[in-house]
Each structure stands twice: as structure tokens, then as C-alpha cells.
There are 4 protein chains.
Amino acid sequence: MARTADPHRRQSILDAAHSVFARKGYAATGIADVAGELGIGHGTVYRYFQNKRDVAAAVLDRALERIAAVVTAEDATATRSLAEYRAQVERIGHRLYELFAADRALGRLVFHDLGAVDDDLRERLHAAHETFAEYTAAYLRNGVAKGFLRADLDVDTTARVVNGMIFEGAAQVTRTDDPRPLRDRWIRAVVALMFDGIAQHGELGRSEHGPG
Amino acid sequence: MARTADPHRRQSILDAAHSVFARKGYAATGIADVAGELGIGHGTVYRYFQNKRDVAAAVLDRALERIAAVVTAEDATATRSLAEYRAQVERIGHRLYELFAADRALGRLVFHDLGAVDDDLRERLHAAHETFAEYTAAYLRNGVAKGFLRADLDVDTTARVVNGMIFEGAAQVTRTDDPRPLRDRWIRAVVALMFDGIAQHGELGRSEHGPG
Amino acid sequence: MARTADPHRRQSILDAAHSVFARKGYAATGIADVAGELGIGHGTVYRYFQNKRDVAAAVLDRALERIAAVVTAEDATATRSLAEYRAQVERIGHRLYELFAADRALGRLVFHDLGAVDDDLRERLHAAHETFAEYTAAYLRNGVAKGFLRADLDVDTTARVVNGMIFEGAAQVTRTDDPRPLRDRWIRAVVALMFDGIAQHGELGRSEHGPG
Amino acid sequence: MARTADPHRRQSILDAAHSVFARKGYAATGIADVAGELGIGHGTVYRYFQNKRDVAAAVLDRALERIAAVVTAEDATATRSLAEYRAQVERIGHRLYELFAADRALGRLVFHDLGAVDDDLRERLHAAHETFAEYTAAYLRNGVAKGFLRADLDVDTTARVVNGMIFEGAAQVTRTDDPRPLRDRWIRAVVALMFDGIAQHGELGRSEHGPG
DNA sequence: AATGAATGAGCATTCATTCAT
DNA sequence: TATGAATGAATGCTCATTCAT
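The structure displayed is predicted, hence computed values, not measured ones.

Some details on the overall build of chain A
Counting its regular elements, chain A contains nine helices and zero strands. Its helices and strands in sequence order give chain A the pattern α-α-α-α-α-α-α-α-α, from N to C terminus. Here the C-alpha coordinates of chain A stretch approximately 70 × 35 × 30 Å along the principal axes. For chain A, with 212 residues in total, the buried portion stands at 57%.

Thoughts on the interface of chain B and chain A
Facing 56 residues of chain B, the contacting portion of chain A comprises 55 residues. Counting the surface lost from both chain B and chain A, the interface buries some 5,200 Å², and carbon and sulfur atoms represent 59% of this. The tally of links from chain B across to chain A stands at six salt bridges. A salt bridge links Arg122 of chain B to Asp113 of chain A, with the shortest nitrogen-to-oxygen separation between them at 3.8 Å. Linking chain B with chain A are eight residue pairs in polar contact (both at pLDDT 80 or more), by the criterion used here. Looking at the side of chain B that touches chain A, the elements with two or more residues in it are α5 (82–102), α6 (104–113), α7 (119–146), α8 (155–175) and α9 (179–195) of chain B. Among the elements that line the side of chain B that touches chain A, the one with the most residues is α8 of chain B, at 10 residues. For the side of chain B that touches chain A, a count of residues per class yields 23 nonpolar, 15 polar and 18 charged.

Focus: the UniProt feature "DNA-binding region" (unreviewed entry) in chain A
Summarizing the sequence annotation, UniProt attributes the feature "DNA-binding region" (unreviewed entry) to residues 30–49 of chain A in the numbering used throughout. For residues 30–49 of chain A, the end-to-end C-alpha separation is 14 Å, with 75% helix and 0% strand making up the annotated structure.

A look at the environment of Thr157 of chain B
Here Thr157 of chain B is to be found in helix α8. The class of Thr157 of chain B is buried, set by a relative accessible area of 4%. Here the alpha-carbon distance between Thr157 of chain B and Ala133 of chain B, two residues 24 residues apart in the chain, equals 8.6 Å. Ignoring any residue separated from it by four or fewer positions in sequence, one finds Thr157 of chain B in contact with Arg185, Trp186 and Ala189 of chain A.

The rules behind each value
- Residues numbered from 1 in each chain as written.
- Chains lettered and ligands numbered in written order.
- Predicted model: local features only at pLDDT ≥ 70, side-chain atom pairs only at ≥ 80, totals over all residues.
- Heavy atoms only, no water.
- Helix = DSSP H or I, 4+ residues; strand = E, 2+ residues; numbered from the N terminus.
- Buried < 20%, exposed > 50% of the residue type's maximum accessible area, 1.4 Å probe, protein only.
- Contact = heavy atoms within 4.5 Å.
- Buried area = accessible area lost by both parts, 1.4 Å probe.
- Salt bridge = Lys/Arg side-chain N within 4 Å of Asp/Glu carboxyl O.
- Polar contact = N/O pair within 3.5 Å; in protein donor to acceptor, adjacent residues only side chain to side chain.
- Nonpolar A, V, L, I, M, F, W, Y, C, P; charged D, E, K, R; others polar.
- UniProt positions renumbered as here; feature names shortened; annotations may be inferred.

Given below as C-alpha cells:
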């Protein structure tokens, strides 16, 4: 019954839902609000989606796909030196923050609302995190293989740590009114942390509990 | 009316709400569920809280206070060397992950559910992030002042970046069935990233776009 | 608009509705179900019928006509003896049960679903009962006139009583998986009751409250 | 959650539903109509019943119990002669028609509306028919055993035939404005048919297809 | 203070019906 | 003539909140 015809109509409903969910929150949004945003009858929404949750799921999937498109745009095996990887990280960071800066709703949906809808959507969000972690791990693994990253790097964990920095930045951008300046500072800070470290030159930070 | 007497009863309601909200999600939880968990009449909840949202707010505040207690347990100005700071970061990390590992509900509430309740709670969550960022910034500022951290460190931004790594770790711990092994790897990865860098020794990662 | 052309199409819609109404019940059946059964667009139904209720009315009318065809097939004035009337009752019973056995839907529609649709359809059903009662009364009246039925017979009431036996049998047949054996036993029981009585020969059953 | 406290309230809801269902039909009746009849909030209905269908089921059960109370009031083994049985049939008939005459809704619910709600309720109605048939069969079996009813009586089938006459009468009473006169004529006709037969004395009705 | 029966606002969802194509 | 996309009235049901006991 659903999954009908006109894909343009379906997309426009997702656009409206994306926007209204982000503005009012999933729970506080009625299907009538979404339909009203488009000036269509609310029954029409049910020609394209099973129910309200189904709309949320589709909104989330589309949002995650957009993020994934940025993350997967680069070739993980292409970099041959630390400098190239550094530049790559900067490019990805720029694109990602550009995405979140251009669509403030995106961050609210992905970082807050849609993960709270139900267990299934939370699980999809988690799965997306895993996928993103695997991508970052591929970059790191390439660097280790090529010899420009530490041989003893815990690649899988570090990948998640790096993603944590990135996504916290995206969350910040989402919350900020004028996100551009923050974006640049954030990328610079992340890149500096990753590639230059925080330590003053000549200082020795290795603790007795550090990586053996 | 309300805002009454027995603080022990109030705490037990918060305990129950903490647990049920995390288990079923805020939206899917009824006040009757919370009261049922305690075996009390659901009208009683309204003697201690204005409404359901008020319960959620108190649950969130208490959760954030517990996290803050860990973050603020250390003295930001006490460290005098990179090694001491490194050890301090490890200590804080351990305590934080211990907290999230001991109470899986905590992470679900803070990272997912309660931020989606309404704008006010989202704002409180954001404010807590800010507070935590200021704490971390104080550590970093101390390090710069003492000379064991880079003088050109973007302290405020880096503080948020560091917190991003930490909290992503806490989120992971929340999602994992046996969180202990993950916790140790995570802290090691974060500390290594911060203090040892990811670069192989001798490699040069400074790109042309990097911090001048 | 409507009340149009192709009578074959109209009949096929009634066939489908007859079947689906009986299978799912009137309330649970959508016009789309009826149209789906035929593989036609559901808008098409509205070219042949005013609305859903109109379809039900037509289905009911057709069902009642089919029953009436059996009831009216015999000539009420043709019988000249008790034996002939007895044989006639058996013939009508056989044909009626054959009809309900051949189309299980018929009974469900007439005895259950369509009478509950609205007051008008209930009224039509009632009117049909009246008509059938008048037919049976005609048979009885003929018997009284010819002298082979009791002169003091309450013809109108007895006609309804007889029809009650008959239609309860049809209802039973409708509910039974293998209706043939039931049919024969039923007709035999009805005929025996009418013509032989239930009393043991020689017994006296006339009570003091009986028909004076 | 339902099945709570105050049984008086529960009964009053059933009374209201009984009345409104009969007046407007099950499908056309909203829970709000039932609640409105009582001047209570419609949410209250849901404290006593799971859902609308559950109300209908309880209404039906109560209606059937009331009918059963009449049917089972007599002792099937008490009668020792045809005259006693005849008197007994008259008594049961009177009480039954009294019941349906006193509460016109009863007939509409049992003979029309509630059987069309869903398969389960139809099944309950059918089961009640079976139960009633077994009672009537017990009366007949007693008569055969005592020797005042024909030894070759098909007891089970005849029981259903007899019930068919009775219930068709109840249905008629339900439809009639002034049911008393009809009631008496009906009982007289049924009793005469059962005990006196329709045949004129001296006539011979045994057909060639009749019971051997 | 504690309770839980009662309430009704609020919303998701269905589906008969219309009408542009 | 046939279609099915679009519509929105209608309603079942939930549950936060109140308040009499």
C-alpha cells in the first residue's frame, strides 16, 4: 500500500519531516505538522510511509547516507605520506563540517532526536558509527602499512577516538550560530592534536602506565 | 503543593526514573511505570515533581552532577609536568569509564534520551558540555602556563576536542556488553594520541595548510 | 454519473463483494478489497454504486432474491393432500439447503453481516422475512382450505414458526463444515415434527393452557 | 490495568453500551457515545475494558447469560408426561418472550449486531446456540426415556429445530412494537405444532420419503 | 501524606469518497 | 470509461495530570 509512485513526493515529505523533526523534536511533531509544512493532506503521508516511525527511519537513513557520502569520498589507500594523510583529514573535516553547517537540522536529528525514537533507530545509528569507524580504521591501517604511522597503533580503537573528535566537532557546529569560525579552529585543533601532539617540544610525556 | 518533605522518597523516585527511562526511553515511559517500579501510587510522584518533564530534568541534572564529580575531582593546577598530566588524564579516564561501566543507564540517558526531551533539557546538556570543556581547558591552560604544553595550543578548542574523545569512549562503553577491555584500550589510545601522536618517529606531518 | 453501462461488470463487483463481505465481514472490508479481488481500480466501483453501503444493499437484495427464487418455485395452491404438502416441504427444504450449502457466504451475509450494516438493510431483511412468511402462509392456507390441515391453525403465526425452523437449519448449514448430512437430518426432523409430531402414539399432550 | 475496582461502574458501562449498541449499531457507536450516555469521561471506559471490542464481548456475554438463565431455570428431567412437558415448554416460552419483550435491545444485540463484530463474537454466539441446543436436547431425551416422546426422535436435530422456532419468535418480538399479543400467538403456535401437529385429524401425511 | 479513579486533550491512523488525468 | 493519488472526517486509544478520599 505504501511505497507508491511519485518519488518526488516521497522526497519532499522526507525534506519536510527532516526540517520539522529537527525544529520541534520527533515526539512533539505530528504527522499533520509534516503534511502542513507541504500543504498536503496528512493522509497523503500514509501513502508513502507506513507510519510516523517509518518516516523517522527514512529521514535518519537519508541523513546517515549524506554523512557517509562525505566520509567515503576519499580513498583510504591513496595516501603515501603523513603530509598527504594530514591533508586528507583536513579535507574530510572541511566537507563534514560544511555539511553540518549547511544543514543545522542534520546534527540535531543525528545527534539527538532520531536516536531516541526507539531501539531500532538507535541501533541504526550505532551501526552507522561502526561503519564510519571502519572507514577511519582503513585510513589508519594504510598509514601503518605505508610506514608513516606508528607500528604499534591500536588502529580500531584510535579510529573511534578520531571519529569522536570529528563528530563532537560536528555536534558543536550544529549548536553554534555562526559555525564557520568554529569549524576552522576545530579542524586545526584536531589535526594539530593528531599530527603535532599537544606536548611542548622536548618535553617527555610517557608515563609509567603508558603504552609499553 | 509538591516540592515536599521526604528527600529519601524523592531520591528513590529519581532512581526508578533513571532506570526506567534508560530501559524504555523517555517517551515510552509513563509516570505509572516509574511509580510501579517503586510500588507506590503514581499520584505520589506528583507530590515530589511538577510533571513528567520535571522528573526527567532532575534525572538529567543528577546524572550530569555525577559526571561532573569525576571531572572536577582532580586539581587542574596541580600538575607540573607532562608526565603528571598524562597520569592525570589516565586517572580521570579510568574513573569516568568506571562510572559509565557501573551504570549503563547513565550513558543512554545522557547521550540519547534526555537530550531529546525538549529544548530546555538539550540546553542543559549543552551547558554541561561547556562546563566540562572549561574544566579541560583549565588543565590545558595550566600546562601551557607551566610550559609543558605547546604555547600555541588553541586551548578552548582543544579542550572540546579532548572531551569529544573522552565522551565518545563513554558512549562506546555504554553500548558494549563487557566494557572493561574496551575501557583500557580506549584510554590507552586517547593518551597515546595526545602524548605520543600517531606519527611514526621521524615522519613529518606538517601540511602546507597546517597551523603556521 | 454512475448507474452506468456494463451490467456484467456490475455483477462481477457484486460477486466479489458477496465473497469478501462474507469472508472478512462488512465493516472490516474496504472498497479497495472488493476492487482488489477483481483486479480493478477501486474508483471504478463508484461508477457502478453510490457508495459502500449501496454495494451491500445490492448484495443483500441479490442474496434475498436467490432465496426467494427457491421459496417461490413451488405452487402454493397445487397440493391437494397432506402427503403432497409433505413432499413439497421436503422439496423446498432440499433446494434451500442446497443453496446455502453451495454458497457458504450466503448464510453469513443474510444471517449475520448485512443485517448489521444499518437500519435500512435490517429493514429489508425484515421485509424479506415477511415475504417468505406470506409464501409459507399461502401453503398453509391452501391446506386448510383443502381440508388436510387443521381448521383452527393460526396460519400467519405458524408460517413464521415453520420458517424459523427452516432458516435456523440454513444457519446451521452455513456454520457446518460438511453440511450434507446435517441437511438431511434437518429436513427429516422438521418434516417429522410438522407431520408426525413429537409425541408417542397414544400419549395425550393437550395441556390445560393449550389452544382451546 | 483494566478489570479494576468498582463493579457498579463496570455494570453501568455495560448497561449503557447495551443500550447504545442496540440503538445505533456497534459500528456506528463510538466509545464516546457510551461514555456520554453515562455522563462520564470516555477515558474512564478504558479503565474497565481493554477496548471497544472488549465492551461488546462483555455485553454479549451478559446478554447470553440472561437468556441462559431462563433456559436453564427448568429441570429437564422433572417432567413425567407429555402434558407436563407441554406446560414446561409454555413456561419457558413465556419467560423468554417476556425477557425479549422487556428489553428490545437484547434481541437486536443477539440476533443482529454483536454477531457481526468479529469472528470471535460470532463464535461465542454459535457456542451459546450449541449450549441452548443441548439443554433442549436434554428435555427431549428425558421425554424419550420416560416414554412420552417418540422413540425414533432425532433428539439432537429436533432440539435445534425447536430452538429455531423459539428464537425466531424472540426475533419477531424484538421487531414488533406491541409484542405481547404476538408472544401469546407464537407460543400457542409452537406448542400446537409440537404437540398437536398441523394435520387435520384422520389425514395421513407420511410421504414416501419420510422417516422409515 | 499517599492514593488511584477519573478525566479529556491530543494524536496516529484508516478508509470512503472525489476527481484530474 | 477507468484509474488511483489525494484528501480529511472520524475515531480508537493513551497517558499526563488532577483531586476527592
